Amino acid sequence: KNYLKKNYFKKYLIGEPSTLIDNDNGILLSLACKRMGGILLGIQHSAGHFGYIDDLSYANYFEYNHYDQLFTFGWTKTNNYLPKTNFSSMPSPKISSKNLKSNYLHDSKKNNKNIILFLSNTISRFPMGGTCGHSRIDFIDSIMDNQKKLIKDLTQNNLSVLHKPYNKNVVNLFQEHYRDLESYNNYYLEDINQKGLTKKLVKKCRILLWDQLGSGTVEAFACEIPSIIYWKRIYSQEAEWAKEHIKNLEEVGIIHSDTKSLIEEINKYLVNPIKWMNDIRRKKEIENFTYNYANNNENWYKIWEKKIRSLVKYD
C-alpha cells in the first residue's frame, strides 16, 4: 500500500499476467490495489490461442478471474462454465507493429534450397494444469507420430523442409525423435537457440508451415508472410463460437488436417505464389480471423490511450 501511495496510485492498476499475477510482487500489488478500492485492468499477454481455443481453463482460472477488466485482442467470449471477467476488445500492440513485414514473395526466390520452414510447437516436460491448448507430454506419442508422418509425406513428395523447433530444450529432450527425422532426405534441422521469428530465418524458405494456430501464425498473417497450417487437434481444438472462422480458413486452404490436401495446397502456392497470396477470398478470411482474435491497427497506441483516458476521466 505504501508503494502504491508513493507512486500516486488513484484507482487503476494495469498489467499483464507476468507483472501482476505470475510473481509475488505482482500478487501483493494486486491485493493492495483491491484493498484500497482500486480496479485491476489486465492485458492479454499472448496473441495466440486466446479467444478461439476451447476450454482454455488455465487462462480462465489463473488470469481472467483476477482482473476486473481484461483488454483482449479482439474477442469477448469464453466458455460459460469457466471464470470470466469484463472483456474489452483492443488491437494487439505487438502484432500492430508488424516487425516482420517485408517483401517475402520477392526475397524468398533468391534461396530455393528449402521450400518449407516448419515451425513446431513446444512440448512441455511435465503435464500442464490446463485442459486444452497446451502440447502436453501425456500426448507425446500422438504428437511425435504425427510429426514423423508429416515430414515423411512432405519429403517423399519432393518438398524440402527446414525444421525450426520451438527451442533447443525440445531437441535435447527428444533426441531420438529428431535423429529419426534427420534420416529423411530433404529434411534439415535448423541449429538455432531462440523461439521467436526473425526476418533472416523466414527468408530462408518459400512458405511457413505451422502445426497449430498460435501466436507466431497470427503474427505471420498480419505481416502477410505466406503461411499454412497442419492442425490435427491432438491437444487443442477450436471453441464452438470460433468454428465458423476456422472452417472458413480451411475452405481457403490455410488450415489442413491431412497431409494430402496440405501437399496439394503447397504445390498450388509454389506454381504462383503471388496469385495464391492475393486471392481475394483467402485474404478476406485471414483478415476476418485476425480482426476477431488477433486484431491489429497501425494507430493502436491512440486507441489504447483514448480507452485508458476515458476510464480515468469519468472515474
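Structure's up top.
Described below are features of the structure shown in this document. Note that the structure is a prediction, hence the values are computed from the model and not measured.

**Describing the packing of helix α7 (residues 140-156) against helix α13 (residues 259-271)**
- α13 packs onto α7 with a crossing angle of 40 degrees between their chain directions and a minimal axis gap of 10 Å. Relative to α13, the element α7 is oriented oblique. The crossing of α7 and α13 is right-handed. Note on element contacts: α13 touches α7 through T259, L262, I263 and I266, opposite K149, L150, D153 and L154.

**A look at the sheet that holds strand β8 (residues 207-210)**
- Pairing is parallel in the open sheet, where six strands are placed in the order β7-β6-β5-β8-β9-β10. Each edge of the open sheet is held by one strand with a lone partner, namely β7 (187-189) and β10 (255-256).
- Bridging between strand β5 (residues 116-119) and β8 involves four bridges; their strand directions are parallel. Note on β8: the bridge partner recorded for F118 is L209.

**A few points about the pattern of salt bridges**
- Under the counting rule described, the total for this entry stands at 15 salt bridges.
- Ionic pairing is found between R309 and E305, a salt bridge with its closest N-O pair at 3.1 Å. Taken together, the positions of R309 and E305, both in helix α16 (residues 300-313) and four residues apart, correspond to about one turn of that helix.
- For R309, a relative accessible area of 57% corresponds to the exposed category.
- On the basis of relative accessibility, which here comes to 43%, the residue E305 falls in the partly exposed class.
- Within this structure, R233, E238 and E250 form a network of salt bridges that share partners.

**A short note on the sheet that holds strand β2 (residues 39-43)**
- Taken in spatial order, the four strands make up an open sheet running β1-β2-β3-β4, and their pairing is parallel. This sheet does not close on itself; its edge strands, each paired only once, are β1 (12-15) and β4 (86-89). Mean inter-strand twist for the sheet, computed between neighbouring axes without regard to direction, equals 20 degrees.
- Pairing geometry for β1 and β2, over four bridges, is parallel. Bridge assignment links I14 to a residue of β2, and that residue is L41.
- Lying over the sheet, helix α3 (residues 24-35) contacts β1 and β2, oriented at roughly 140 degrees with respect to β2.

**Topic: the environment of H177**
- When you line up the elements, H177 lands in helix α9 (residues 175-181).
- Look at H177 and you get buried, because its relative accessible area is 6%.
- Sequence separation between H177 and K148 is 29 residues; the distance between their C-alpha atoms is 8.4 Å.

**Structural notes on the state of the cysteines**
- All told, the structure shown has zero disulfides when counted by the stated rule.
- In this model C205 remains outside any disulfide bridge; the closest cysteine sulfur is found in C223, 17 Å from its own.
- A relative accessible area of 2% places C205 in the buried class.
- Under the relative-accessibility criterion, C223 is labelled buried at 0%.

**Considerations on the packing of aromatic side chains**
- This model, assessed by the stated rule, comprises ten aromatic pairs.
- On the basis of an interplanar angle of 45 degrees and a centroid distance of 5.0 Å, the ring pair of F289 and Y293 is categorised as tilted. Here F289 and its partner Y293 are both found in helix α15 (residues 280-293), four residues apart, which amounts to about one turn of the helix. Each member of the pair, F289 as well as Y293, is classed as buried.
- Here a set of aromatic residues connected by ring pairs shows up, and it is made of Y52, F289 and Y293.
- One cation-aromatic arrangement involves K203 over Y104; the distance from NZ or CZ to the ring centre is 5.9 Å.

**Points about the side chain of Q147**
- With respect to the helices and strands, the residue Q147 is situated in helix α7.
- By relative accessible area, which is 7% here, Q147 ends up buried.
- With near-sequence residues (within four places) excluded, Q147 lies in contact with F118, S120, H163, H177, Y178 and L181.

**So, unusual backbone geometry**
- The backbone of D55 sits at a positive phi, close to 55 degrees, despite the residue not being glycine.
- Taking relative accessible area as the criterion, D55 reaches 18% and is therefore assigned buried.
- In this structure, R233 takes a positive phi of about 60 degrees despite not being glycine.
- Inspection of the secondary structure puts R233 in the loop between β9 (227-230) and α12 (243-251).

**Points about α13**
- The end-to-end C-alpha distance of α13 is 18 Å, a good match for the 18 Å that 13 residues give at a rise of 1.5 Å each.
- Among the residues of α13, those classed as buried are T259, L262, I263, E265, I266 and Y269. Taken down its axis, α13 places every buried residue within 165 degrees of arc, on the same side. The outward face of α13, more than 90 degrees from its buried face, is lined by the exposed residues K260, K268 and V271.

Conventions adopted
- Residues numbered from 1 in each chain as written.
- Predicted model: local features only at pLDDT ≥ 70, side-chain atom pairs only at ≥ 80, totals over all residues.
- Heavy atoms only, no water.
- Axes fitted to C-alpha atoms, helices over the stretch in contact; angles between N-to-C directions.
- Helix = DSSP H or I, 4+ residues; strand = E, 2+ residues; numbered from the N terminus.
- Parallel < 35°, antiparallel > 145°, perpendicular 65-115°, else oblique.
- Left-handed = near helix turned anticlockwise from the far one by under 90°.
- Contact = heavy atoms within 4.5 Å.
- Pairing = 2+ DSSP bridges.
- Salt bridge = Lys/Arg side-chain N within 4 Å of Asp/Glu carboxyl O.
- Buried < 20%, exposed > 50% of the residue type's maximum accessible area, 1.4 Å probe, protein only.
- Disulfide = S-S within 2.5 Å.
- Phe/Tyr/Trp six-rings, centres within 6.5 Å; stacked < 30°, edge-to-face > 60°.
- Lys NZ or Arg CZ within 6 Å of the ring centre and 35° of its normal.
- Expected span 1.5 Å × (residues − 1).
- Arc of directions from axis to C-beta.

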